[in-house]
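Analysis of the macromolecular model
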Amino acid sequence: MVVLVAAACGGGGPVGAGPSDLSAQAPGKDVKPAAKITWWHAMSGVNNDAVNRIVDGFNKSQTNIKVEAIFQGNYDDLLAKLNTAIASNSAPALVQVYDIGQAYMRDGGQIVPMQAFIDRDKFDTKDFEPAVLNYYKFQDKLQSMPFNSSSAILYYNKDAFKEAGLDPEKPPATFTEVADAAKKLTKKDAGGQVSRYGFGPSIYGWLFEQLLATSGAPYADKGNGRDDRATKVLWNSDAAKKILSWWKAGVDGGYFYNPGIDNDGAANAFNAQKTAMYIESTARLRGHINTVAGKFQIGTGLYPRPDDKPKDGGNIIGGASLYIMKSRPADEQQAAWEFVKYVLSPAVQAQWQSDTGYYPIVKAAYNEGPSKEWASKYPQFLTAVNEIRDSPQNRATNGAVLGVMPQARQRTQKMIEVVLLGQATVDAAADAAVNDINAQIDKYNKANP
Amino acid sequence: MRHLPNYVVLVIVALLVAFPLLLALSYSLMSESEIATFPPPVLPQAPSLDNYATVFSTIPIGRYLLNSFVVAGAVVAGQIVTASLAAYAFSFLTYPGRTLLFFAFLSTLMIPWEATIIPNYITIRSIGWLDTYQGLAVPFMATAFGTFLLRQGFLQIPKELHDAARIDGASSFRFFRSIVVPLSRPALATVAIYAFLSTYNQYFWPLLITNQPLMRTTQVGIAQLRFEETLRWGLVMAGVVMVAAPTLALLIVGQRQLIRGLTSGAVKG
């Protein structure tokens, strides 16, 4: 692995150590964009079609640059392929990498930070969703351009709410409210078997990250790894233990369903009305509505938070972003930036939203036709938009950045699983997980100075 | 009649073993909302081919199948030729250092495939074979496992046959072609089927060295049917059925040979 950390975007320095203007890292303004660049992405199925629509639109909108979009498997496959390509100097100019690959991309020194182009062109980001932009910043510099973004919300079955005597227009918002509603929604058949659970989240590390954020608690030290390289994770904080205890109590009480580490399983259980509420990404909304096809009414609510609703708690966005690769010649970087700017235009953003269900990144997109149509078709989406807009912006809600984020996410899943299955106490499970990942962080930081 | 209980047991076990496959077929004919009902249905209420139509409109599945067949076919041909010739050299020819060479050959089985990816990729790239059939097939045309299997098969052939052939003036190649190959058909079929299936099921290598959509293979196609955020089981299952059907056909045709091949060497005789 080539480790070339550019001084300005490198990890070790104190807050604000880099120059305040990153223009110098971008190619000169007068560099003529390359005639052809390649973009690797991980969007399959309908999202792949949506990607192709954007690229076709760009290629037709001008005659100088031709972008070729190539599907490279899921996010992990794409990163594996990118590693191979970097080793043989054949990386593309533009790549889509998932949210948790952020530190990895930055620390490898293989990218030109997006901020360099923004500073050079005095590009205006005033109209961008702050929550989305902030996720992709390190030391307040934008590393990559958010592309597909989603957040987590509460999904609930309105018909089940009515049946259980709950107000279908008032979804529960706090941990205790969710637990109380779940108790009422849990239904047993004649044989005493549970035929419907009140609440059934998958053991998914991302959901745990979100629960910490709505608690206003950081996931890792050093400002969630955004002021400087994180050195340890904070999963044994009081806030984290409160989340684990709440989850465990629900499962033990028989009103939370535990689908295991299985996001699709949790989604299917909700579709099949085996669970009446669950938490997941907004990106699944359209899929749910189409699959349920009117068999019951789907409601969306704010993501659960602690009972005292901490002021500094909010939601983190997830998804993926676009990186411009440093190893490509300046003219290709230039062409990639031209394409990125096209992707960010309100009309393209609105089309992307209506094709995929991801957030538009620029607010002006909501005034465009396709976006308005989408909002009227899926009014539940508004919950998600409001949730992100109302989230206070601080290090907890910016989300964590770790070089070993994929491993950390997996480790939290194991931690939660061990707690839910009663194989360890909350304290013991959290401490063990923290120790494991701290050791890995240490190793990572030493390997990527 | 006295075999009836046996058949009942066999049918039940066969159904159990085939259940995942049959369920995939059944799901591929269901709509998404039907799959989502609880308890999960086993048979479609209103079978429809919509999922298959969606597969055709989402990915060029015909082209992917063609690519997979071309590549897997080339690998089968390559492995049969290289493995049988190498096995012949390791079983019938005598020369100094044969055993040592054979063990050196076998030791390559211990090298994890992952360790060779990057060097292989760099080689293929430097000779300009990215996005080509030869790039997909050539790196897999030699096989230590297949050579080992064939060598064990060849050792079953009585040495006297070799001697007799030599006395009658047959060259090594003549003996190989007229005696060894016909007698080793089961073992050759085993190597062929094994090579076909493992190539057909490759995912990472084709993904790595192809960028043009039209040069990709079936397994990459299946990945394209998996939507990151919402998994549509019916669609994925339709794709899986289409991709699995040819391999099943191959297995049925080659089954008899395969079983004989795998047990050859297990029993002396």
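Since this is a predicted model, take the numbers as computed values, not measurements. (Residues numbered from 1 in each chain as written. Chains lettered and ligands numbered in written order. Predicted model: local features only at pLDDT ≥ 70, side-chain atom pairs only at ≥ 80, totals over all residues.)

Remarks on the overall build of chain B
Just so we agree on the cut-off: What counts as a helix is a DSSP run of H or I of at least four residues, what counts as a strand is a run of E of at least two, and both are numbered from the N terminus. Put plainly, a residue is buried at 20 or more neighbouring C-beta atoms within 10 Å of its own, exposed at 12 or fewer, and partly exposed in between, counting only other residues' C-beta atoms, which are placed from the backbone. The contact rule is simple: place each C-beta atom from the backbone, and if two of them lie within 7 Å, those residues are in contact.
In terms of regular secondary structure, chain B is built from 14 helices and zero strands. Secondary structure elements in chain B, listed N-terminal to C-terminal, are α-α-α-α-α-α-α-α-α-α-α-α-α-α. The buried share among the 269 residues of chain B stands at 34%. In chain B, once contacts between residues fewer than 6 apart in sequence are set aside, the share between residues at least 24 apart is 78%.

With respect to the overall build of chain A
Here is the rule: Computation of the radius of gyration draws on C-alpha atoms alone. For the globule rule, the value is 2.2 Å times the number of residues to the power 0.38.
Scanning chain A from N- to C-terminus turns up 19 helices and twelve strands. In summary, chain A has a C-alpha radius of gyration of 22 Å against a globular reference of 22 Å for 449 residues, a match within 12%. Over its C-alpha atoms, taken along the principal directions, chain A stretches across nearly 75 × 50 × 35 Å. Partitioning the intrachain contacts of chain A with sequence separation of at least 6 by distance along the chain shows that 76% fall at a separation of at least 24.

Remarks on the confidence of the model for chain A
Operational definition: The pLDDT value tells you how sure the predictor is about a given residue, anywhere from 0 up to 100.
When pLDDT is averaged along chain A, the result is 91; 96% of the residues meet or exceed 70. Long-range and interchain partners of residues 1-17 of chain A, a stretch whose pLDDT sits below 50, account for 28 contacts in this model, where long-range means more than four residues apart.

Topic: the interface of chain A and chain B
Going by this rule: Here the term charged refers only to Asp, Glu, Lys and Arg, the term nonpolar to Ala, Val, Leu, Ile, Met, Phe, Trp, Tyr, Cys and Pro, and the term polar to all other amino acids, Gly among them.
At the junction of the two partners, chain A supplies 32 residues and chain B supplies 23 residues. For the side of chain A that touches chain B, the per-class residue count stands at nine nonpolar, 17 polar and six charged.

Observations regarding the pairing of strand β7 (residues 145-157) of chain A
Residue and element names in this part refer to chain A. Let me state the cut-off plainly: For two strands to pair, DSSP has to find at least two bridges joining them.
Of all 13 residues in β7, 13 are buried, a share of seventy percent or more. For β7 and strand β12 (residues 317-325), the ladder comprises six bridges, and the chain directions are antiparallel. In the sheet register, S151 faces β12, and the bridge partner there is I317. By the bridge criterion, five bridges tie β7 to strand β10 (residues 277-281) in an arrangement that is antiparallel.

Re the domain arrangement of chain B
Residue and element names in this part refer to chain B. Just so we agree on the cut-off: What fixes the domain bounds is an automatic or database domain assignment.
Here chain B is partitioned into domain 1 (1-48) and domain 2 (59-263). Placing the centre of domain 1 and that of domain 2 at their C-alpha centroids yields a distance of 32 Å. Facing the eight residues of domain 1 at the interface are seven residues of domain 2. Of all the secondary-structure elements, those providing two or more residues to the side of domain 1 that touches domain 2 are α1 (4-28) and α2 (32-35). Broken down by element, the residue count for the side of domain 1 that touches domain 2 peaks at four residues, all from α1. When its residues are assigned to classes, the side of domain 1 that touches domain 2 shows five nonpolar, two polar and one charged.

Let's talk about the pairing of strand β3 (residues 94-98) of chain A
All names here are of chain A. The element β3 is largely enclosed, with a buried count of five among its five residues. Neither face of β3 is exposed, since L94, Q96 and Y98 on one face and V95 and V97 on the opposite face are all buried. Alignment of strand β1 (residues 36-41) against β3, held across two bridges, turns out to be parallel. Within β3, the residue paired with W39 across the bridge is L94. Of the strand pairs in this sheet, β3 and β12 are connected by five bridges, and their pairing is antiparallel. Within β12, the residue paired with Q96 across the bridge is L322.

Describing the domain arrangement of chain A
All names here are of chain A. When cut into domains, chain A gives domain 1 (7-150 + 318-392) and domain 2 (151-315 + 397-447). Between the C-alpha centres of domain 1 and domain 2 there is a distance of 28 Å. Residue-level contacts link 27 residues of domain 1 with 33 residues of domain 2. Elements with a contribution of two residues or more to the side of domain 1 that touches domain 2: α3 (102-107), α5 (130-135), β5 (137-138) and α16 (381-390). Ranked by the residues each element gives to the side of domain 1 that touches domain 2, the list is headed by α16, at five residues.

Some thoughts on the nonpolar core
Stated precisely, the cut-off is as follows: By our criterion, buried Ala, Val, Leu, Ile, Met, Phe, Trp, Tyr and Cys residues that link up through C-beta atoms within 7 Å make up a nonpolar core.
Within the largest apolar cluster, 139 residues are counted, with the highest numbers of intra-cluster contacts made by M277(A) and L402(A). Both domains that furnish three or more residues to this core are identified here as domain 1 (7-150 + 318-392) and domain 2 (151-315 + 397-447) of chain A. Each residue touching M277(A), except ones within four places of it in the same chain, is listed here: L154(A), Y155(A), Y156(A), A181(A), A182(A), L185(A), G198(A) and F199(A). Among the nonpolar cores identified, the runner-up in size contains 58 residues, and L29(B), V76(B), I80(B) and A195(B) belong to it.

Quick notes on helix α4 (residues 114-121) of chain A
All names here are of chain A. Counting buried positions over the eight residues of α4 gives six, a clear majority of the element. Those residues of α4 not exposed but buried are M114, Q115, A116, F117, I118 and D119. On its buried face, α4 is in contact with β4 (111-112), β6 (141-142), β7 and α13 (330-343). Following α4 by one or two positions, K122 adopts a phi angle in the positive range, close to 50°.

With respect to the confidence of the model for chain B
All names here are of chain B. Confidence along chain B averages 89 in pLDDT terms, with 94% of residues attaining 70 or more. Least confident of the elements in chain B is helix α14 (residues 233-263), whose mean pLDDT is 81; most confident is helix α7 (residues 133-137), at 96. Among the scores for the predicted complex, ipTM is 0.79 and pTM is 0.86.

Topic: the packing of helix α10 (residues 238-252) of chain A against helix α18 (residues 405-420) of chain A
Residues and elements named next belong to chain A. For clarity, the cut-off: To obtain each axis, a line is fitted to C-alpha atoms, and for helices this fit is confined to the stretch in contact; angles are then taken between N-to-C directions over 0 to 180 degrees. Roughly parallel refers to an angle under 35 degrees, roughly antiparallel to one over 145, roughly perpendicular to one between 65 and 115, and oblique to any angle outside these ranges. Two helices crossing with the near one rotated counterclockwise from the far one by less than a right angle form a left-handed crossing, whereas a clockwise rotation gives a right-handed crossing.
Contact geometry of α10 with α18 gives a least axis separation of 9 Å together with a crossing angle of 45°. As summarised for this structure, α10 and α18 are arranged oblique, according to the angle between their axes. Between α10 and α18 lies a crossing whose hand is right-handed. Of the residues in α18, those in contact with L244, W247, K248 and V251 of α10 are I416, V419 and L420. When its residues are assigned to classes, the contact of α10 with α18 shows six nonpolar, no polar and one charged.

Overview of α1(B)
All names here are of chain B. Rules: In this scheme, a helix's expected span is set at 1.5 Å multiplied by one less than its residue total. At any given residue, the bend is defined as the angle formed between two axes, one fitted to the seven residues that end at that position and one fitted to the seven that begin there.
For α1, spanning 25 residues, the distance from its first C-alpha to its last is 34 Å, which sits close to the expected 36 Å at 1.5 Å a residue. The principal kink in α1, of about 55°, is found at F19, preceding the proline P20 by one to four residues. Within α1, only two of the 25 residues are buried, leaving the element largely exposed.

Topic: unusual backbone geometry
Peptide bonds are trans in most cases, and residues, glycine excluded, mostly fall at negative phi. All names here are of chain A. Even without glycine at this site, D140 takes up a positive phi of about 65°. On the secondary structure map, D140 appears in the loop between β5 and β6. Residue class for D140 comes out partly exposed when judged on the 13 C-beta atoms lying within 10 Å of it.

Topic: the environment of D180(A)
Following the sequence through the fold, D180(A) ends up in helix α7 (residues 175-185). C-alpha separation for the pair D180(A) and Y255(A), spaced 75 residues apart in sequence, amounts to 9.3 Å.

Quick notes on the environment of Y278(A)
All names here are of chain A. Counting through the fold element by element, Y278 comes out in strand β10. Owing to 26 C-beta atoms within 10 Å, Y278 belongs among the buried residues under this scheme. The spacing of Y278 and A267 is eleven residues in sequence and 8.0 Å in space, taken between C-alpha atoms. The residues touching Y278, leaving out its near neighbours within four places in the chain, are Y155, F199, G200, P201, A266 and F270.

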